[in-house]
Amino acid sequence: VGKGRQSDKSDIEKLALPNLKCEDALKEMAKMIYTVYDESKDKPFTLEMAWLSEATTYKFQLVPQTLVDAAEEWAKKQLADDDDDDDDAAAEEPAEAKD
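First, a word on what this report is: a plain description of the structure on this page.

What counts and how
Residues numbered from 1 in each chain as written. Predicted model: local features only at pLDDT ≥ 70, side-chain atom pairs only at ≥ 80, totals over all residues. Heavy atoms only, no water. Salt bridge = Lys/Arg side-chain N within 4 Å of Asp/Glu carboxyl O. Helix = DSSP H or I, 4+ residues; strand = E, 2+ residues; numbered from the N terminus. Buried < 20%, exposed > 50% of the residue type's maximum accessible area, 1.4 Å probe, protein only. Core = buried A, V, L, I, M, F, W, Y, C linked by side-chain atoms within 4.5 Å. Contact = heavy atoms within 4.5 Å.

### Regarding the pattern of salt bridges
Turning to step 1, where the next piece is worked out: By the definition in use, this model includes one salt bridge.
Turning to step 2, where the next piece is worked out: Of the charged contacts, one joins Lys77 and Asp81 as a salt bridge, the two residues approaching to 3.1 Å between their closest N and O atoms. With Lys77 and Asp81 both in helix H3 (residues 65-92) and four residues apart, this pair spans about one turn of that helix.
Turning to step 3, where the next piece is worked out: You can call Asp81 partly exposed: its relative accessible area is 29%.

The following block contains the structure:
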């Protein structure tokens, strides 16, 4: 629920969740959250995550902060790399000819 709900729903459907480890899913979820976050418009936030898994005997538990920090760092790096790729692609596009 909230901003970016529809795009996140689509991104979640694209993930191969049955084949994804929980640690990898954390990274993907962090990336989705940071994709819609706009520093200039949105308030700063603290990323908190929890999970239910076989390892937690299917009990709700907060994810250890070290894993959250690693997922957050990975997500920010991925988004920065994506931005760099977009900038490179825009620079390589030829200018349109004017009549």
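Next comes the rest of the description.
### Observations regarding the nonpolar core
Turning to step 1, where the next piece is worked out: Leu26, Ala30, Tyr34, Leu47, Met49, Trp51, Val63, Val68, Ala71, Ala75 and Leu79 together form the largest nonpolar core, which totals eleven residues.
Turning to step 2, where the next piece is worked out: Elements with a minimum of two residues in this core: helix H2 (22-36) and H3.
Turning to step 3, where the next piece is worked out: The element best represented in this core is H3, accounting for four residues.
Turning to step 4, where the next piece is worked out: Aside from chain neighbours lying at most four places away, what touches Val68 is Leu47, Met49 and Val63.

### Observations concerning unusual backbone geometry
Turning to step 1, where the next piece is worked out: Even without being glycine, Thr57 reaches a positive phi, approximately 50 degrees.
Turning to step 2, where the next piece is worked out: Counting through the fold element by element, Thr57 comes out in the loop between strand S1 (50-51) and strand S2 (61-62).
Turning to step 3, where the next piece is worked out: The backbone of Tyr58 shows a phi angle near 55 degrees, a positive value even though the residue is not glycine.
Turning to step 4, where the next piece is worked out: For Tyr58, the position within the fold is in the loop between S1 and S2.

### Let's talk about the environment of Leu15
Turning to step 1, where the next piece is worked out: With respect to the helices and strands, the residue Leu15 is situated in the loop between helix H1 (5-14) and H2.
Turning to step 2, where the next piece is worked out: Sequence-wise, Leu15 and Ala25 are ten residues apart; in three dimensions their C-alpha atoms are separated by 8.6 Å.
Turning to step 3, where the next piece is worked out: When sequence neighbours within four positions are dropped, the list of residues in contact with Leu15 reads Leu20, Glu28, Met29 and Met32.

### A few points about the side chain of Ser53
Turning to step 1, where the next piece is worked out: In this structure, Ser53 sits in the loop between S1 and S2.
Turning to step 2, where the next piece is worked out: The exposure class assigned to Ser53 is buried, which follows from its relative accessible area of 9%.
Turning to step 3, where the next piece is worked out: Apart from the residues within four sequence positions on either side, Ser53 is in contact with Cys22 and Tyr58.

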